[in-house]
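# Tertiary structure, described
Below, each chain spelled out in residue letters.
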Amino acid sequence: MGLDIRLPIGGLFIALGLLLTLYGILGESNIYQRSLGVNVNLGWGVVLLAFGLIMATMARWGKAGRASKDAARPVPSPLSSGRPNQEDTH
Amino acid sequence: MNLTWIDWIIMLVYFAFVLGIGFLLKRRVKTSTDFFLAGRAIPAWVCGLAFISANLGAQEVIGMAASGAKYGIATSHFYWIGAIPAMVFVGIFMMPFYYGSRARSVPEYLRLRFDEKTRGLNAISFATMTVFSSGISMYAMARLIQTLHILDGPFQRMSIPREWIFHASIIFSAGIVLGYIFLGGLSSAIYNEVLQFFLIVAGFLPLVWLGLKNVGGWHGLTQTLPAGYTHSWVGMASPHTNRLGVEWFGLVMGLGFVLSFGYWCTDFLVVQRAMAADSMSAARRTPLIAAIPKMFFPFLVILPGLIAIALPNSATQTPVASTATSIAQPVESSGTGIIPPKMDASTGLPKVDNDGNVVLDYDLAIPNMLLHYFPTGILGLGLTALLASFMSGMAGNVTAFNTVWTYDIYQSYIRPNASDEHYLMMGRLATVFGIALSIVAAYAATRFNNIMDMLQLVFAFVNAPLFATFLLGMFWKRATGHGAFLGLISGTMAAALHHGLTLPSGAISGIKGGWLGAVVHQYPSEMAQNFWTAIWAWSTCFVVTIVISLLTKPRDEKELVGLVYSLTDRPSEEHLSWYQRPVVLGAIVIAMSVLLNLVFW
């Protein structure tokens, strides 16, 4: 539908990852007894940040791929779209 | 519960994204197909994740953990038997008819295949059920917010009375869901469901990791818990040798066949996500793609329940005392693990069942696990994941409702032949009053505390026969509309009759059964009774549909092309690479789930 879903996913997890990572580094350090001594904020925050970056990058590659495919393709004929339902515009 | 500013920020960031997606998608919604079917332009993987996320309401997250604490790993049957086979079946065999018929909803398929009255029956019962489901999600979320004292702190600081927390939660959840669905329709719902899926994984994976580390892994659990908890098939020969209280036949036929196929193959809430796919093969792959994470969800939602009950009993470690009252009380250690007893609100003492055992409040397994292991920061993430799962359940119901209302009730019976813009407007309006009705249902749940049980019953009565109707409709060209209609009605009545004449052992006549006066049969457990009710309902519908169909005139075969298996070309798979072929994917999924069953035998 136009908006690549990977972009908002990437955005959300970059934001959450940053929040948790920074809190893990800069926040109080004596709150981790309940998590068995592990600084889960930092650890998991980094994982989420990485996930968000991967998603956002995949979205960018997808857009670049689509853009170059559009540029390389000759003017499409209305009969050759191959999709079952082309009545809507995007 | 002490939430600090970081927890609140995390929650707010999430809700900002949720609404932001709605706003971004608004301008792409121009036709009713855009609003109700996401323009049929969604890629398979997105549909697949939305498919399972729409189904993954909080009742599942909380309920499965509760069942995990109560029954152990046998709860996985709800996934590996009670979901995977049906998902594979609907993807490979049924999607060609749903998608190929161009039906815009499940009731519409029924009209195309059978007749108007069958569609009407299904549309009206489904629309009613979605409104109630949505209302119950809203109610459950508000109660949880109340019980966990999430909003107590801020409300106190703002000098707002605590009694308003419930109302504020209802308004807030209604407002958010209304916002993003009104703006972006099904696309918005689907995008948010995918977001919610990842968020739920993000919130619960660290919980499982910490919990397993704490109890010594799966091995530690097998050491600490009785054997019945850590085996899913051992003891299934008889209802008396396993914790579920049901034998394998009732389990496989009742849950694995009737209930599971009845839900996954006919419930428009999930089927709608597959109908939004951008091609036939994408539509067929949607349930198969969804089956893969679904298979592994037991590790995410059931394990926390097992861990919760395996932890050592300790009064100081139970942060939340009771769902019956909203005041945290210091708990005597009559709970097990970190699961507290259910408190009797009138006596202030733990509830005790007929055998004298303390009744545990298993629903508090996941919330207590979150509070037990998560420090502030990641706690905000865990809570957001929980709230997100409530809202994805609500949103799924609302989108299903507004589509069925607009196309199957409004367009069919109230105002046919209006312009597309009119139906688009109607869809938005239906979203508003659908949510309003859900709010009414949520408040009804506060008045009648048996309403949730009653609704579960009614859903089961209505859903159980459905699969028989669809099975015959899609695979037997001789099935007629009269047969389908009478089959559905008789199936539902059979379910009610069976429930009214039987009782699970230890229960009193009433909401649990036996309300028709005599108790003809006693079942070892409630689950057994449910599964057998389903089996009876399905069988009745199946037989009645066949008999009545043979006695009534069938439609012309030309009209049924594309709607019935024997009259439709098989979708071709040659042009797809091997991993895109539905049959190959289906086989892989089944093989993996058989493997999982064997590992946890």
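Placed above this text is the structure.
A few points on the structure. (Residues numbered from 1 in each chain as written. Chains lettered and ligands numbered in written order. Predicted model: local features only at pLDDT ≥ 70, side-chain atom pairs only at ≥ 80, totals over all residues. Heavy atoms only, no water.)

## Quick look at the nonpolar core
Where we set the bar: By nonpolar core is meant a set of buried Ala, Val, Leu, Ile, Met, Phe, Trp, Tyr and Cys residues that side-chain atoms within 4.5 Å join together. Buried means the residue's accessible area, taken with a 1.4 Å probe over protein chains only, is under 20% of the maximum for its type, while exposed means over 50%, and partly exposed covers the values in between.
Ranked by internal contacts, the top residues of the largest apolar core, which has 204 residues, are Met94, Tyr98, Phe204, Phe297, Leu381 and Phe470 of chain B. By size, the runner-up hydrophobic cluster in this structure holds 15 residues, among which are Tyr71, Leu244, Val246 and Met527 of chain B.

## Considerations on the interface of chain B and chain A
What counts here: In what follows, residue pairs with any heavy atoms lying within 4.5 Å of each other are defined as contacts. When two parts are brought into contact, each loses some accessible area as probed by a 1.4 Å sphere; the total of that loss over both is the buried area. Salt-bridge detection follows one rule: a side-chain nitrogen of Lys or Arg within 4 Å of a carboxyl oxygen of Asp or Glu. In the analysis that follows, any N or O atom pair within 3.5 Å is treated as a polar contact, provided that within protein one partner can donate a hydrogen and the other can accept it, and provided that, for residues neighboring in sequence, both atoms belong to side chains. Comment: elements are numbered from the N terminus, with helices defined as DSSP H or I runs of at least four residues and strands as E runs of at least two.
Each side of the interface is counted separately: chain B has 50 residues, and chain A has 34 residues. Buried surface at the junction of chain B and chain A, both sides included, amounts to about 3,500 Å², of which 75% is carbon and sulfur. Applying the counting rule to chain B against chain A returns zero salt bridges. Here chain B is connected to chain A by four residue pairs in polar contact (both at pLDDT 80 or more). Elements supplying a minimum of two residues to the side of chain B that touches chain A: helix H1 (5-26), helix H2 (32-37), helix H3 (44-55), helix H10 (164-215), helix H15 (365-373) and helix H16 (378-414) of chain B. The dominant element in the side of chain B that touches chain A, judged by the number of residues it contributes, is H10 of chain B, at 14 residues.

## Overview of helix H6 (residues 84-100) of chain B
Residue and element names in this part refer to chain B. Just so we agree on the cut-off: Every helix has an expected span of 1.5 Å times one less than the residues it contains. For a residue, the bend is simply the angle between two axes, fitted respectively to the seven-residue segment ending there and the seven-residue segment starting there.
End to end, H6 covers 23 Å across 17 residues, agreeing with the expected 24 Å (1.5 Å per residue, within 8%). Of all the bends found along H6, the most pronounced is centred on methionine 94 and spans about 60°, while proline 96, a proline, follows it within four residues. For H6, the buried fraction is high: 14 of the 17 residues fall into the buried class. Downstream of H6 by a residue or two, arginine 102 has a phi angle that is positive, lying close to 60°.

## Some points on helix H4 (residues 58-71) of chain B
An α-helical turn contains 3.6 residues, so any two residues separated by three or four positions project in the same direction. Residue and element names in this part refer to chain B. With 14 residues, H4 should reach 20 Å at 1.5 Å per residue; the first-to-last C-alpha distance of 19 Å fits that figure. Counted residue by residue, H4 has eleven buried out of 14 residues, so it is predominantly covered. Within the span of H4, buried status applies to Ala58, Glu60, Val61, Ile62, Met64, Ala65, Ala66, Ser67, Gly68, Ala69 and Tyr71. Among the residues trailing H4, glycine 72 stands out with phi positive, at a value near 90°.

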